[in-house]
Amino acid sequence: MAREIVHIPARQELRNRSVSIGQLIRVAAYCRVSTEQDEQLNSFENQVAYYTEFITRNPQYELAGIYADEGISGTSTKRRDEFNRMIRDCEAGKIDLIITKSISRFARNTQDCLNYSRKLKELGIGVIFEKENINTMDSTGELLFTILSSLAQDESRSISENCQWGIRSLFKQGVLHLNANRFYGYDKDEDGKLVINPEQAKIVRWIFQSYMDGTNPDVIARKLNERGVPGCSGEPKWSTSTIMGILQNEKHMGDAILQKTFTADFLTKKMVKNEGQLEQYYVKDDHEAIIDKDFWTAVQMEIARRREYLQRHGLRTMGRYTDTQPFSNKVFCGTCGNVFWRRTLSRLNGPVKVWMCGKRYQEKGKKGCSSGTIYEKDLHRAFLMAWNAILENREDFLTGWQEQLRGEDVLAAFRAKQFIQLTKNTELLREIDFSLVSRTLDHCVIEPLGVINFYFLDGTELGIEIED
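Now for a description of the structure that goes with this document.

Conventions used here
- Residues numbered from 1 in each chain as written.
- Predicted model: local features only at pLDDT ≥ 70, side-chain atom pairs only at ≥ 80, totals over all residues.
- Heavy atoms only, no water.
- Helix = DSSP H or I, 4+ residues; strand = E, 2+ residues; numbered from the N terminus.
- Buried < 20%, exposed > 50% of the residue type's maximum accessible area, 1.4 Å probe, protein only.
- Areas by Shrake-Rupley, 256 points an atom, 1.4 Å probe, with all protein chains shown as cover.
- Disulfide = S-S within 2.5 Å.
- Pairing = 2+ DSSP bridges.
- Axes fitted to C-alpha atoms, helices over the stretch in contact; angles between N-to-C directions.
- Contact = heavy atoms within 4.5 Å.
- Parallel < 35°, antiparallel > 145°, perpendicular 65-115°, else oblique.
- Nonpolar A, V, L, I, M, F, W, Y, C, P; charged D, E, K, R; others polar.
- Arc of directions from axis to C-beta.
- Phe/Tyr/Trp six-rings, centres within 6.5 Å; stacked < 30°, edge-to-face > 60°.
- Lys NZ or Arg CZ within 6 Å of the ring centre and 35° of its normal.

1. Let's talk about the overall build of the protein chain
And then number 1: Helices and strands together make up the secondary structure of the protein chain, namely 13 helices and 20 strands.
And then number 2: Counting all 468 residues of the protein chain, 44% fall into the buried class.
And then number 3: Accessible area of the protein chain: about 26300 Å², with a carbon and sulfur share of 49%.

Here's what the structure looks like:
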């Protein structure tokens, strides 16, 4: 009997994950749009509707799910939650085939395209790209797929460069490009101009004033979190860096520096600080100010002063809980120059607070500094004596403060105005006022023989002798 060969044509769908004859193929669709503009979102909704109908009307298909990312860039898969969920479902054996509109919808990163297509191919799962008419399970498809995915990546690069060019062209015209949702104190009006957010502006003013009253940024952040004050995200998540960002942002005084950062890599979207790589533009009086310009400048000088203070004294911070312990990192040894630490000593009549040189004991039982210990009550009493001396001699100090007010140093003028206000009431203090210490004291030095030299922020220096 002669041999007979019968040709059985291949069925494209069955070249994917192993599927039995008569078994429905579980098909998923992936959709994505890269912006949240209305026309893009309409396209997005159309994609979802199209693939839902396309899969459900095919008798050989079973809908395994529609995976859709809105307003997400295709240059990376890290932030595409639906894409990553689809890959996990493929690994779990829930999907036999994936359909998507085009390679650029799947990914604009050549490496991601190849990595995921090969990973899915090893699982027996093909990806059909309708526009390019490619099925990754085809043996001849990978070369074309590689070429087209590279073109998709290059298209993304071109789009990114065009967007950057457009933004920089606006910068040259002094047009601000800013996400107001991530910028505290302002909103945007219909024309894209910055307008003050009244409630947030109150917090901004409070932050600036608190800082100039001697409160450290970490303490300011803690207070805002404790009060439940919402930040940019709508939740009370304040940090030291957030406070410093607000204090140093020139937009709060109505000006704007354009192109502070730029996108260094269109694939990773990594933002890099502009340190001269690109041009910058400074726009004066761009919008309504929350903070007076002189006050803002004084704050910048105070930031620089505190930074220099830490370097000069070899400190890492100004001290924790400076709202309740304003002498922290402000008391220094006149013998060796080291900072004094606050300690608790046990006594027969109960524990007492003292201040002693941090180098007094370099090793256990071994003295590293010959300075003595000062009781906290004596430190407080000495400050009261120094401040009361300023009150009693206010008229003598007033001349110097008024000269500072007329000078060009805005920080000195701020301090002079502050001291004039604080000394209007010349009634002598009877007990320590911690807020007054924070606002007025730069530092003090514990000298031998019971003398404490106080150095105030207005430049006043006073020596106080503590009697036993």
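And the narrative resumes.
2. Brief notes about the environment of K377
And then number 1: Inspection of the secondary structure puts K377 in helix 10 (residues 376-392).
And then number 2: Sequence separation of K377 and V352 is 25 residues, and the distance between their C-alpha atoms is 9.2 Å.

3. Re the state of the cysteines
And then number 1: The full count for this structure, using the stated rule, is zero disulfides.
And then number 2: C336 takes part in no disulfide bond, and the closest cysteine sulfur to it belongs to C357, at a distance of 3.4 Å.

4. Topic: the sheet that holds strand 12 (residues 331-333)
And then number 1: In space, the four strands of this open sheet follow the order 12-18-19-20, with mixed pairing throughout. The open sheet has two edge strands, strand 12 and strand 20 (461-465), and neither has a second partner. Between one strand axis and the next, the sheet turns through 25° on average, direction left out of account.
And then number 2: Two strands pair when backbone bridges link them, and strand 19 (residues 451-456) and strand 20 are joined in this way by five bridges, in the antiparallel orientation. Within strand 20, the position partnered with Y455 by the bridge is E461.
And then number 3: Its contacts with the sheet put helix 10 on strand 12, strand 18 (441-447), strand 19 and strand 20, and the angle it makes with strand 19 is roughly 55°.

5. Here's the deal with the pairing of strand 18
And then number 1: Of all seven residues in strand 18, six are buried; the element is thus mostly enclosed.
And then number 2: Strand direction decides the pairing type here: strand 12 and strand 18, joined by three bridges, are parallel. Each residue of the ladder has a partner; that of V331, found in strand 18, is C444.
And then number 3: Between strand 18 and the antiparallel strand that follows it, strand 19, lie three residues; L449 among them carries a positive phi value of about 65°.

6. Here we look at unusual backbone geometry
And then number 1: One non-glycine residue, N329, adopts positive backbone phi at about 60°.
And then number 2: Mapping N329 onto the fold places it in the loop between helix 9 (293-313) and strand 12.
And then number 3: Residue classification places N329 among the buried positions, given a relative accessible area of 17%.

7. A few points about the packing of helix 9 against helix 12 (residues 410-422)
When two helices pack together, their arrangement is given by the angle between the helix axes and the distance between those axes.
And then number 1: Helix 12 packs onto helix 9 with a crossing angle of 100° between their chain directions and a minimal axis gap of 8 Å. Relative to helix 12, helix 9 is oriented roughly perpendicular. When helix 9 is examined against helix 12, the residues D294, F295, T297, A298, M301 and E302 are found in contact with a partner set consisting of V410, L411, F414 and R415.
And then number 2: Class assignment for the residues of the contact of helix 9 with helix 12 results in six nonpolar, one polar and three charged.

8. Let's talk about helix 2 (residues 81-91)
And then number 1: Here helix 2 has its buried residues at F83, M86, I87, D89 and C90. With its buried residues spanning 160° around the axis, helix 2 presents them on a single face.
And then number 2: Of the residues one or two after helix 2, G93 is the one with positive phi, at around 80°.

9. Regarding the environment of N46
And then number 1: Tracing the backbone shows N46 in helix 1 (residues 38-57).
And then number 2: Judged by its relative accessible area of 52%, N46 is exposed.
And then number 3: Once the C-alpha coordinates of N46 and C31 are considered, the two residues, 15 residues apart in sequence, prove to be 9.7 Å apart.

10. Digging into the packing of aromatic side chains
And then number 1: Under the definition given, this model contains 18 aromatic pairs.
And then number 2: Judged by centre distance (5.1 Å) and plane angle (80°), the rings of Y184 and W238 are edge-to-face. Within this pair, whereas Y184 is found in the loop between helix 5 (141-172) and strand 6 (186-188), its partner W238 is found in the loop between helix 7 (217-227) and helix 8 (240-248), the two being separated by 54 residues in sequence.
And then number 3: The exposure class assigned to Y184 is buried, which follows from its relative accessible area of 6%.
And then number 4: Ring pairs connect the aromatic residues F327, F383, W387, F397, W401, F419, F454 and F456, which therefore count as one cluster.
And then number 5: One residue, R306, lies across the ring of Y211, its end atom 3.7 Å from the ring centre.

11. A word on the sheet that holds strand 1 (residues 25-32)
And then number 1: Pairing within the open sheet is mixed, and its five strands lie in the order 2-1-3-4-5. Strands at the two margins of the open sheet, each flanked by one partner only, are strand 2 (61-69) and strand 5 (134-135).
And then number 2: In terms of strand pairing, strand 3 (residues 97-100) meets strand 4 (residues 126-129) through four bridges, oriented parallel. For T100, the partnering residue across the bridge sits in strand 4 and is F129.

Geometric values such as these leave the question of function open.
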